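Here are the chains, one letter per residue:
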There are 2 protein chains.
Amino acid sequence: MLKLSKSVEYAIFAIKYLNYNTEDRLVSTKEISESMKIPYDLLAKIMQRLVKNDIVSSIQGTKGGYYLTKPPGQINLTQIISAVDSEIRLTDCLFDNATEEDCSRIGACSLRSPLNNLQNKIIKLFNSTTLEEII
Amino acid sequence: MLKLSKSVEYAIFAIKYLNYNTEDRLVSTKEISESMKIPYDLLAKIMQRLVKNDIVSSIQGTKGGYYLTKPPGQINLTQIISAVDSEIRLTDCLFDNATEEDCSRIGACSLRSPLNNLQNKIIKLFNSTTLEEII
DNA sequence: TTATATCGGACAAATTTAGTCGTATATAAT
DNA sequence: ATTATATACGACTAAATTTGTCCGATATAA
């Protein structure tokens with residue numbers, strides 16, 4: 001359970017490809033998919049999520065495609081994970097306003113606060129890890 | 001995918017219970033299970049893994065049960081995760097001697113090394129997080 | 001009008017996690 | 001010896017999540 005999802009891996013590959021190939025043109029999902037060997041339909045969805053989270057920008061229509069909204073040094077891992085998966089949560093209860101629906105122990109749980117500290121450290125680590133360091 | 005498994009959560013609860021209840025006696029899976037509201041059969045398997053990894057010790061037979069092998073300050077999160085889940089691996093390829101079976105990109109993958117650095121940081125963080133801080 | 005691209009949601013397959021069950025072994029008490 | 005209660009261990013099932021696919025809509029250049 002402590003693993004990057006395939007979607008996050010693919011997102012990183014895609015960002016890498018965009019970084020090296022969009023100086024003077026746009027790049028399509030098809031091109032990234034074939035070049036990086038990533039399933040087309042899955043990648044297409046990932047690209048949309050990256051667009052929604054303003055990590056990449058898109059131009060629609062023929063000759064359309066994607067480009068990076070900001071340089072890799074300004075994109076961090078937390079942003080990517082949040083964009084293509086969901087917010088980082090070490091347990092089901094570790095977010096604001098969690099209720100008994102999320103965990104029956106809530107309120108009486110002595111683990112919640114220390115695990116929240118741990119989660120914050122992980123998020124901090126991921127915040128400080130930029131794509132520039134990875135790609 | 002960046003979440004503690006239920007097994008790890010249950011293991012932490014169990015260690016906490018053992019820490020507070022085994023000064024002068026042994027504690028059974030049944031007692032922990034009922035007291036901490038953890039499914040008995042699942043907890044039983046978790047206890048066995050903790051024993052195998054020398055985090056807790058067991059005495060068999062009637063009047064048998066478990067106790068902590070070492071104090072919580074000497075147990076860290078990496079040990080627990082390795083014991084009840086498996087080694088921490090951020091991607092399928094991030095271990096020694098990974099082959100193309102594990103990832104077809106291996107050898108040519110530019111992400112492997114930087115992601116390995118990240119994985120080491122996470123492991124280091126988990127190594128430095130003892131159960132004393134959590135329970 | 002056509003070809004090619006993004007957009008978006010529903011769906012299916014595969015994998016992983018979570019939980020269950022049955023049986024064997026150990027040991028204290030009767 | 002037998003019984004009751006505990007751990008040990010593996011196989012199995014169920015549930016949840018991730019991964020991958022499909023289909024139709026919209027946008028735009030040629």
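So, here's what we can say about the structure. (Residues numbered from 1 in each chain as written. Chains lettered and ligands numbered in written order. Predicted model: local features only at pLDDT ≥ 70, side-chain atom pairs only at ≥ 80, totals over all residues. Heavy atoms only, no water.)

Moving on to the nonpolar core. The tendency in soluble globular proteins is for nonpolar side chains to be buried as a group. L50 and F126 of chain A together with L50 and F126 of chain B are the most contacted members of the largest nonpolar core, which totals 90 residues. Excluding residues within four positions of it along the chain, F126 of chain A makes contact with N76, L77, T78, I81 and I88 of chain A together with L2, L118 and I122 of chain B. (Core = buried A, V, L, I, M, F, W, Y, C linked by side-chain atoms within 4.5 Å. Buried < 20%, exposed > 50% of the residue type's maximum accessible area, 1.4 Å probe, protein only. Contact = heavy atoms within 4.5 Å.)

In the region of DNA strand C, 26 residues are neighbours, and T29, S58, T62 and Y66 of chain A together with Q60 of chain B sit closest. In DNA strand C, the atoms that sit within 4 Å of the protein are 62% sugar and phosphate, with bases accounting for the remainder. Between S58 of chain A and DNA strand C, the recorded distance is 2.6 Å, taken from a side-chain N or O atom to a phosphate oxygen. Residue Y66 of chain A places a side-chain N or O atom 3.1 Å away from a phosphate oxygen belonging to DNA strand C. Of all the secondary-structure elements, those providing two or more residues to the surface near DNA strand C are α3 (40-52), β1 (56-59) and β2 (65-68) of chain A together with α1 (6-21) and α3 (40-52) of chain B. (Near = heavy atom within 4 Å. Polar contact = N/O pair within 3.5 Å; in protein donor to acceptor, adjacent residues only side chain to side chain. Helix = DSSP H or I, 4+ residues; strand = E, 2+ residues; numbered from the N terminus.)

Looking now at the interface of chain B and chain A. On the chain A side, the residues contacting the 35 residues of chain B number 35 residues. Here chain B and chain A share an interface that buries about 3400 Å² over both sides, 67% of which is from carbon and sulfur atoms. Considering only the side of chain B, the residues that lose the most area to chain A are M1, L2 and K3 of chain B, jointly responsible for 22% of the buried surface there. Taken together, chain B and chain A are joined by 4 salt bridges. The salt bridge partner of D92 of chain A is K3 of chain B, with a shortest N-O separation of 2.7 Å. Counting only elements with at least two residues in the side of chain B that touches chain A, the list comes to α1, α4 (77-84), α5 (112-127) and α6 (131-134) of chain B. Considering every element that reaches the side of chain B that touches chain A, the biggest residue donor is α5 of chain B, with 7 residues. Residues belonging to the side of chain B that touches chain A are distributed by class as follows: 21 nonpolar, 4 polar and 10 charged. (Buried area = accessible area lost by both parts, 1.4 Å probe. Salt bridge = Lys/Arg side-chain N within 4 Å of Asp/Glu carboxyl O. Nonpolar A, V, L, I, M, F, W, Y, C, P; charged D, E, K, R; others polar.)

Looking now at the pairing of β1 of chain A. All names here are of chain A. The pairing of β1 with β2 spans 4 bridges and is antiparallel. Bridged to V56 within β2 is L68. With antiparallel pairing between neighbouring strands as the criterion, β1 and β2 make up a hairpin whose turn holds 5 residues, including G61 at a positive phi of roughly 85°. (Pairing = 2+ DSSP bridges.)

Moving on, we come to the packing of aromatic side chains. For the structure on display, the rule yields 0 aromatic pairs over all chains. The side chain of R89 of chain A reaches across the aromatic face of F95 of chain A, ending 3.8 Å from its centre. Positioned above the aromatic ring of F13 of chain A, the side-chain terminus of R105 of chain B is 4.4 Å from the ring centre. (Phe/Tyr/Trp six-rings, centres within 6.5 Å; stacked < 30°, edge-to-face > 60°. Lys NZ or Arg CZ within 6 Å of the ring centre and 35° of its normal.)

So, on to the protein's contact with DNA strand D. Around DNA strand D, a shell composed of 25 residues is seen, among which L42 and Q60 of chain A together with T29, S58 and Q60 of chain B lie nearest. For DNA strand D, the fraction of atoms within 4 Å of the protein that belong to sugar or phosphate moieties is 62%. Within the side chain of Q48 of chain B, a nitrogen or oxygen atom sits 3.3 Å from a base nitrogen of DNA strand D. The set of elements that each furnish at least two residues to the surface near DNA strand D consists of α1 (6-21) and α3 of chain A together with α3, β1 (56-59) and β2 (65-68) of chain B. By residue number, the principal contributor to the surface near DNA strand D is α3 of chain B, which donates 4 residues. Classifying every residue of the surface near DNA strand D gives 7 nonpolar, 13 polar and 5 charged.

Once that is clear, we can look at the relation of the copies chain B and chain A. Expressed as a screw operation, the relation of chain B to chain A combines 0.0 Å of axial shift with a rotation of 180°, fitting to an RMSD of 0.0 Å. Here the symmetry operator amounts to a two-fold rotation axis. Here 100% of the contact residues of chain B are again contact residues in chain A; the copies associate through an equivalent surface. (Least-squares fit on C-alpha atoms with pLDDT ≥ 70 in both.)

Another point: the environment of R49 of chain A. Residue and element names in this part refer to chain A. Residue position: R49 is located in helix α3. What makes R49 partly exposed here is its relative accessible area of 32%. In the structure, R49 is positioned 84 residues away from E133 in sequence and 22 Å away in space, judged by C-alpha atoms. Other than its neighbours up to four places away in sequence, R49 contacts A83 and V84.

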